[in-house]
Amino acid sequence: MYIISGFCQVIFLFLILALFCGCLSNDSQIEDNNHNNKLNINNFWVYYGSDNIEKVSKYDLVIIEPYNYNKEDIKRLKYLNPKIKVIAYLSIGEVDKERDYFKDCQSIIIGKNPNWDSYYVDVSSSVWKNIILKEVDKFINMGFDGIFLDTIDSAIHTNQKEDVIRLIKDIRERYPNIIIIQNRGFEVVDKTAPYIDGVLFEDFSTYYDFKEKKAKFWDEESLEWTDMQAERLKKLDIAVLTLDYVNDDKMAKKCIERAKKYGFIPMVTKDIYLNSVE
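Residues numbered from 1 in each chain as written. Predicted model: local features only at pLDDT ≥ 70, side-chain atom pairs only at ≥ 80, totals over all residues. Heavy atoms only, no water.

1. Describing the confidence of the model for the protein
- Looking at the protein as a whole, the pLDDT averages 90, with 87% of positions reaching at least 70.
- Residue range residues 1–5 is modelled with pLDDT below 50. Its contacts to residues more than four positions away, or to other chains, number zero contacts.
- Low confidence marks residues 10–36, where pLDDT is under 50. Its contacts with residues over four positions away, or in another chain, come to nine contacts. (pLDDT = per-residue confidence, 0-100. Contact = heavy atoms within 4.5 Å.)

And the structure:
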């Protein structure tokens, strides 16, 4: 009887140990799949339209055009979803002629981006730095939790790599506690990683063909390149978000599955101008 009892105890302990190890293994898998979820979010949306506060509020993190909203709008967003992270769009490699500060940039314009009718600027200029820091001040005072830095690739394209790295560093030093997400900028991300919380990998699996007016999957060579960038990003202590443009649900499913394979947080949309909320 004692032998049977002892044997049962051993079996019981073995089952408990197996269950414990299984939990650890499951937790490890979860941690691995979300290894870079520094932002602690499960979903996000990029929206450059206006209004739609109720729809936007359902996401964990939203990147919005700050000039389309006011302080009360941001308060309402956070009332509807107290845990939401609200991020303001900010271009740091180009200036749009619709911005109030465009008139102050005439002396630092170095070229034009014909695709978006915007202008490349001298990123190293103290004029530009002051404009950018004032913009961030304004957004934080409005209630935004952070900023989304766009057109970094434009600074790279105009041979201003070191200058854009320095500007991002200056922003972080002035605002140590805000969320900073950069759009692409893979040629500098190794150096900007200490100053940012995340990267948006726009066009991860697809791109939009403006001539044919539809989204397309990258060819095999291009996908290999995005795979290489994904592996690089996985090694950095930052969250990685992906944004793909799609034509249908089948295409969307493939994009989402590929992003999740890397532990990235995906967004897919049929709206190339990002003026809709799903």
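2. Overview of the layout of surface pockets
- For the largest pocket, the calculated volume is near 1,500 Å³.
- In terms of residue count, helix α5 (residues 152–157) provides more of the lining of the largest pocket than any other element does, five residues in total.
- Across the lining of the largest pocket, the residue classes tally to 23 nonpolar, twelve polar and ten charged. (1 Å grid on protein atoms, 1.4 Å probe; cavity = no way out; pocket = protein on both sides within 12 Å on 5 of 7 lines; lining within 4 Å. Points joined across faces, edges and corners; volume = space filled by probe spheres on them. Helix = DSSP H or I, 4+ residues; strand = E, 2+ residues; numbered from the N terminus. Nonpolar A, V, L, I, M, F, W, Y, C, P; charged D, E, K, R; others polar.)

3. So, the sheet that holds strand β5 (residues 109–113)
- The strand order across the open sheet built from three strands is β4-β6-β5, with neighbouring strands paired in antiparallel fashion. The open sheet terminates on both sides in strands that have one partner only, identified here as β4 (94–96) and β5. For this sheet the average axis-to-axis angle between neighbouring strands, irrespective of direction, equals 35°.
- Bridging between β4 and strand β6 (residues 118–121) involves three bridges; their strand directions are antiparallel. Within β6, the position partnered with V95 by the bridge is Y119. (Pairing = 2+ DSSP bridges. Axes fitted to C-alpha atoms, helices over the stretch in contact; angles between N-to-C directions.)

4. Thoughts on the nonpolar core
- Membership of the largest hydrophobic core comes to 88 residues, with the highest contact counts inside it found for F44, I64, I92, W128, I147, L149 and I171.
- Broken down by element, the residue count for this core peaks at seven residues, all from helix α4 (residues 126–142).
- Leave out the neighbours within four places in its chain, and F44 touches Y59, L61, L200, L241, T242, I265, P266 and M267. (Core = buried A, V, L, I, M, F, W, Y, C linked by side-chain atoms within 4.5 Å. Buried < 20%, exposed > 50% of the residue type's maximum accessible area, 1.4 Å probe, protein only.)

5. Details of the environment of A230
- Examined against the element boundaries, A230 turns out to sit in helix α8 (residues 220–234).
- Measuring from C-alpha to C-alpha, the distance between A230 and G263 comes to 9.9 Å, with 33 residues separating the pair along the chain.

6. Let's talk about a nonpolar patch on the surface
- Residues W116, F210 and Y273 make up a contiguous nonpolar surface patch of about 380 Å² in total accessible area.
- Looking at where W116 falls in the secondary structure, it is placed in the loop between β5 and β6.
- On the basis of relative accessible area, W116 is assigned to the partly exposed category, the value being 49%. (Patch = residues over 30% accessible without salt bridge, like charges linked within 9 Å, V, L, I, M, F, W, Y side chains within 5 Å. Areas by Shrake-Rupley, 256 points an atom, 1.4 Å probe, with all protein chains shown as cover. Salt bridge = Lys/Arg side-chain N within 4 Å of Asp/Glu carboxyl O.)

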